[in-house]
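# A structural walkthrough
In case you want the letters, here they are:
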Amino acid sequence: MKKLIGLAAFLFVLYAALMFSDPTARSLANHINLAKRIGLFGILCLGVTPLIISGGIDLSIGAVVGFCATMLAILVNDKGWNQHVAVATVLSWGLVIGFINGLLVTRLRLQPFVVTLCGLFIYRGLARWIANDGIKGLGGKLSFYSDWFRNGDWLGVPKFFVIFLVLAAIMAVFLHFSVYGRYWQAIGANEKTALYSGIRVNWYKILAYMICSLFAAIFSVLYLTEYNSAIPSSTGNFFELYAIAGAVLGGVSLRGGEGNVLGVIIGAMILWILPNYARMAGIADSLQDFVIGSALLLGAIVDELLRRRMAR
């Protein structure tokens with residue numbers, strides 16, 4: 001609870017600094033743009049949360065986004081598939097990719113870092129090969145989803161942000177009010193103890209990988225409705241780092257066994273308000289990555305120091 005209060009206080013200070021940095025920061029347009037980005041990329045943060053809590057990691061998230069977005073554009077525009085069937089197919093591929101990752105980690109005992117790092121190259125390479133390394137556009141063939149997700153809002157709130165909150169509520173039920181969350185936390189805290197307690201460790205770890213890749217596939221659908229095209233060589237690049245950073249910034253421990261959805265929501269907000277503040281404060285573009293990285297590192301140091309103090 002103390003960590004959440006600290007995160008909320010930091011978010012409040014950052015938001016206040018943003019509001020006083022430039023008059024345009026207080027505009028409705030800037031708030032809508034922020035909400036859309038937080039909502040869209042927050043989905044990736046949510047997806048990786050149960051995986052990190054259970055002690056895993058996934059470095060292939062960005063490549064899965066690129067692969068799924070490229071394939072969805074090809075299916076609906078080049079192949080002429082029905083858009084609903086194409087979306088369902090891409091989402092199912094997300095589940096299959098997560099299942100394969102989980103199977104390799106649990107059955108063959110391969111390191112999650114190695115499995116997902118290889119996946120990063122495999123899915124990126126597949127997307128580039130299948131698309132002949134060319135840009136794949138929608139050509140208006142995903143009209144139902146583009147009209148539904150991209151345009152307009154719900155009660156003044158961008159739809160991406162509403163979707164993010166709905167998924168966060170579902171994830172909160174899973175993590176905090178169901179046996180799944182307790183088992184993931186137990187596995188992340190001590191896998192052997194969880195196994196001796198009768199928990200089906202392998203099954204719950206595979207499930208965490210499937211959820212992570214499914215959320216990446218959902219993100220790819222929303223991404224295409226927003227940007228209308230996918231570039232196999234670059235769509236999704238570094239998105240895994242944003243996903244992991246948002247979750248960790250929100251208090252999800254890379255050691256496993258710890259984390260909550262409210263913290264992830266706050267972490268996702270901080271992750272996107274920070275660059276917005278850097279731009280509004282007139283910090284040169286070439287320095288923004290340095291400022292953001294330094295701020296995140298400072299937050300990690302403070303979190304570690306507080307953790308040690310509380311452990312005494």
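What comes next is a walk through the structure. These numbers come from a predicted model, not from an experiment.

### Observations regarding the side chain of Arg124
Assignment of secondary structure puts Arg124 in helix α5 (residues 112-130). Although Arg124 is buried, it makes no salt bridge; Glu240 carries the closest opposite charge, 6.1 Å away. Here Thr235 takes part through its backbone oxygen, which lies 2.7 Å from a polar atom of the side chain of Arg124. Not counting the four nearest positions on each side in its chain, Arg124 is found in contact with Gly62, Ala63, Gly66, Gly119, Ile231, Pro232, Ser233, Ser234, Thr235, Gly236 and Asn237.

### A look at the packing of aromatic side chains
A complete count under the given rule lists 17 aromatic pairs for this structure. Their ring planes at 85° and their centres at 5.1 Å tell us that Phe41 and Phe239 sit as a pair that is edge-to-face. You can see Phe41 sitting in helix α2 (residues 28-53) and its partner Phe239 sitting in helix α11 (residues 239-249), a full 198 residues away along the chain. The exposure classification of Phe41 matches that of Phe239, with both residues buried. Plain terms: the ring middles of Phe67 and Trp93 are 6.0 Å apart, the flat faces sit at 40° to each other, and that makes the pair tilted. Note that Phe67 is positioned in helix α3 (residues 61-78) and Trp93 in helix α4 (residues 83-106), a separation of 26 residues in sequence.

### Describing the packing of helix α8 (residues 179-189) against helix α10 (residues 201-227)
Put simply, α8 and α10 touch, their axes get as near as 10 Å, and they point 105° apart. Looking at the two axes, α8 sits roughly perpendicular to α10. Where α8 abuts α10, its residues Tyr180, Tyr183, Trp184 and Ile187 lie against Val201, Tyr204, Lys205, Leu207, Ala208 and Ile211. Counted by class, the contact of α8 with α10 contains 9 nonpolar, no polar and 1 charged residues.

Here is what the cut-offs are and how they apply
- Residues numbered from 1 in each chain as written.
- Predicted model: local features only at pLDDT ≥ 70, side-chain atom pairs only at ≥ 80, totals over all residues.
- Heavy atoms only, no water.
- Helix = DSSP H or I, 4+ residues; strand = E, 2+ residues; numbered from the N terminus.
- Buried < 20%, exposed > 50% of the residue type's maximum accessible area, 1.4 Å probe, protein only.
- Lys, Arg positive; Asp, Glu negative; His and termini not counted.
- Salt bridge = Lys/Arg side-chain N within 4 Å of Asp/Glu carboxyl O.
- Polar contact = N/O pair within 3.5 Å; in protein donor to acceptor, adjacent residues only side chain to side chain.
- Contact = heavy atoms within 4.5 Å.
- Phe/Tyr/Trp six-rings, centres within 6.5 Å; stacked < 30°, edge-to-face > 60°.
- Axes fitted to C-alpha atoms, helices over the stretch in contact; angles between N-to-C directions.
- Parallel < 35°, antiparallel > 145°, perpendicular 65-115°, else oblique.
- Nonpolar A, V, L, I, M, F, W, Y, C, P; charged D, E, K, R; others polar.

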